[in-house]
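Survey of secondary and tertiary structure
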Amino acid sequence: MSDFSEELIRSKTEDDQEESCVFSGTGMSFPWLQKYIGTVATGGKKEKDFAQTTNACLSFIQEALLKHRWQKAAEFMHSYFQILEDSDSHKRQAAPEIIWKLGSEILFYHPKSNVETFNTFADRMKNIGVMNYLKISLQHALYLLHHGMLEDANRNLSHAETWRYGEKSSSQEVLINLIQAYKGLLQYYTWSKKKMELSTLDEDDYAYNTASQNMLNHSWKTSVNLCALIQTPGVWDPFVKSYVEMLEFYGDQDGAREVLTNYAYDEKFPSNPNAHIYLYNFLKREKAPREKLISVLKILYQIVPSHKLMLEFHRLLRKSGITLPGFKKSGTPGKTGGQAFTSAPFGQKAIGKRIKHWLVRKLW
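Throughout this document, residue positions are counted from 1 along each chain, in the order its sequence is written. Only residues with pLDDT of at least 70 get local features here, since the model is predicted, and only at 80 or more are side-chain atom pairs given and counted; chain-wide, interface and lining totals rely on the full set of residues. Side-chain descriptors were evaluated using all non-hydrogen atoms of the structure, hydrogens and water having been removed beforehand.

With that settled, consider the overall build of the protein chain. Only runs of H or I of at least four residues qualify as helices and only runs of E of at least two qualify as strands under DSSP, and these elements are numbered from the N terminus. Helices and strands together make up the secondary structure of the protein chain, namely 17 helices and two strands. Of the contacts made within the protein chain by residues no fewer than 6 positions apart, 56% connect residues no fewer than 24 positions apart. Accessible surface, the protein chain: about 20300 Å² in total, of which carbon and sulfur atoms supply 52%. Contacts between residues were defined by any pair of non-hydrogen atoms, one from each residue, lying within 4.5 Å. Per-residue and other accessible areas were derived by the Shrake-Rupley procedure at a 1.4 Å probe size, with only the shown protein chains allowed to occlude residues.

Take a look at the structure:
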């Protein structure tokens, strides 16, 4: 930890540097920090209690983060590491996750931070907070992805994928599925690039067959890594979209339809308008019957009545001569108020006027 701490405080101001850092047998502290601690909840009376010292330090870190004072937060963080030696076992066990969350936030925004420092911090925190190994590994991989380091991110996820601690719990299983799914997204990215390359080749060319086989290998790996996650209740939009795109590319329309239908209608999954949008667009590509399209948009309308697809919903309703419950054919709102615009026989100009204020609202 000392290397990390020294890295964090390396850019101290000249005034701060005049007061040297004091190392004790139990941790590290700053003389100037005691000036702050002495005024915490004691009316100016100097406080020596370890627990109050670390609590005060945590408050200073949080305040510094809120004000985006990254250097100041790093300096307080240097001293907060002492929490790892707290006599309270509950606080000691919770400390690694708190330190990771605070430290990673500081290192992400600190102007003098770099990937090497972040990697060192992440690797050490994985060993210190063993119960947080999977969470830290996933967040570490996302940090690497943010910096365009795809191979390093994939390597990080591969190590985490095989990690086990004690008996496999349900929470561990979900995290492992998520880690595998992110590996799948990386493989999908490679597959997508090969797909672009394939579109530039002649089908009779030898290179076309090689590229096609490489794509097939990547799609198989991606499918394996994505399947477990998208069957688990949750909002998995990018994973579902990637998987469905590959299924459609290889002509498995039934498989794609099944995935999207389950994602939209399975009651175990949380309400998600995007799930119905994906299903609608898929059915539209398949040239599904109008009634089927209407049934999908009807649910979307109940979730997000301001969505731009409501214009298509209106057109489909008009073509089918359908009036939803609560509407008056004249176009005057019934008991459902503003819902009338979806079924009344308005012209396009009138529709635009009536729903203009709906469409400017943020999509979910």
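The rest of the description comes next.
Right, let's talk about the side chain of Ser104 for a bit. Within the element layout of this structure, Ser104 appears in helix 6 (residues 89–109). Between buried and exposed lies partly exposed: a residue is buried under 20% and exposed over 50% of the maximum accessible area for its type, with that area taken using a 1.4 Å probe on protein chains only. For Ser104, a relative accessible area of 14% translates into the label buried. Residues within four places of Ser104 in sequence aside, it is in contact with Ile99, Phe118 and Phe121.

Moving on to the nonpolar core. The criterion is simple. A nonpolar core is a set of buried Ala, Val, Leu, Ile, Met, Phe, Trp, Tyr and Cys residues joined through side-chain atoms within 4.5 Å. Among the nonpolar cores identified, the biggest contains 85 residues, and Ile61, Ile99, Leu134, Trp236, Phe239 and Val240 are the most heavily contacted of them. Top contributing element to this core by residue count: helix 10 (residues 170–199), with 10 residues. Beyond its immediate sequence surroundings of up to four residues, Val240 is in contact with Ile230, Val259, Leu260 and Tyr263.

Stacked, tilted and edge-to-face are the three classes assigned to paired rings of Phe, Tyr and Trp, where Trp is represented by its six-membered ring and a pair needs centres within 6.5 Å; plane angles under 30 degrees give stacked, over 60 edge-to-face, the rest tilted. Summed over the entire model, instances satisfying the criterion amount to 16 aromatic pairs. Summarising the aromatic geometry, the rings of Phe108 and Tyr143 are spaced 6.1 Å apart at their centres and angled 70° between planes, so their arrangement reads as edge-to-face. With Phe108 in helix 6 and Tyr143 in helix 8 (residues 133–146), the pair connects residues that are 35 residues apart, well separated along the chain. Residue classification places Tyr143 among the buried positions, given a relative accessible area of 6%.

In this section: helix 6. Given a rise of 1.5 Å per residue, 21 residues ought to cover 30 Å, and the 31 Å separating the end C-alpha atoms of helix 6 matches this to within 8%. The largest bend along helix 6 reaches roughly 35° and is located at Ala95, with the proline Pro96 sitting one to four residues downstream. Taken residue by residue, helix 6 has Ala95, Pro96, Ile99, Trp100, Leu102, Gly103, Ser104, Ile106 and Leu107 as its buried positions. Take the number of residues in a helix, subtract one, and multiply by 1.5 Å to get its expected span. Fitting axes to the seven residues that end at a residue and to the seven that start at it, the angle between those axes gives the bend at that residue.

This paragraph deals with the confidence of the model for the protein chain. Per-chain confidence: the protein chain averages 78 in pLDDT, with 73% of residues scoring 70 or above. Confidence scores per residue from the predictor, reported as pLDDT, run from 0 to 100. No element of the protein chain has a lower mean pLDDT than strand 1 (residues 22–23), which averages 30, and none a higher one than helix 14 (residues 273–285), which averages 97. A low-confidence stretch, residues 1–48 stays under pLDDT 50, and its non-local contacts, those more than four residues away or across chains, total 90 contacts. Throughout residues 330–351 the model reports pLDDT below 50, and contacts reaching past four residues in sequence, or to other chains, amount to 46 contacts.

What follows concerns the packing of helix 15 (residues 290–303) against helix 16 (residues 310–320). Structural elements are reduced to axes, namely lines fitted to C-alpha atoms, with helices fitted over the stretch in contact, and the angle between N-to-C directions of any two is expressed from 0 to 180 degrees. Two elements in contact, helix 15 and helix 16, have axes separated by 10 Å at closest approach and are oriented at 135°. Here helix 16 runs oblique to helix 15, going by the angle between their axes. Note on packing geometry: the crossing formed by helix 15 with helix 16 is left-handed. Counting all contacts with helix 15, which are made through Arg290, Leu293, Ile294, Leu297, Lys298, Leu300 and Tyr301, the residues of helix 16 involved are Met310, Glu312, Phe313, Leu316, Leu317, Lys319 and Ser320. Three classes are used: nonpolar for Ala, Val, Leu, Ile, Met, Phe, Trp, Tyr, Cys and Pro, charged for Asp, Glu, Lys and Arg, and polar for all others, with Gly counted as polar. The class makeup of the residues in the contact of helix 15 with helix 16 is nine nonpolar, one polar and four charged. The labels follow the angle: roughly parallel below 35 degrees, roughly antiparallel above 145, roughly perpendicular from 65 to 115, and oblique for the rest. Throughout, a crossing is termed right-handed when the near helix is turned clockwise from the far one, and left-handed when it is turned anticlockwise from it by less than a right angle.

Remark: helix 8 packs on helix 9 (residues 150–161), axes separated minimally by 8 Å, with the N-to-C direction vectors making an angle of 170°. Relative to helix 9, the element helix 8 is oriented roughly antiparallel. Facing helix 8, whose interface residues are Tyr133, Leu134, Ser137, Leu138, His140, Ala141, Leu144 and Leu145, helix 9 presents Leu150, Asp152, Ala153, Asn156, Leu157, His159 and Ala160. A breakdown of the residues in the contact of helix 8 with helix 9 according to their chemical character gives 10 nonpolar, four polar and one charged.

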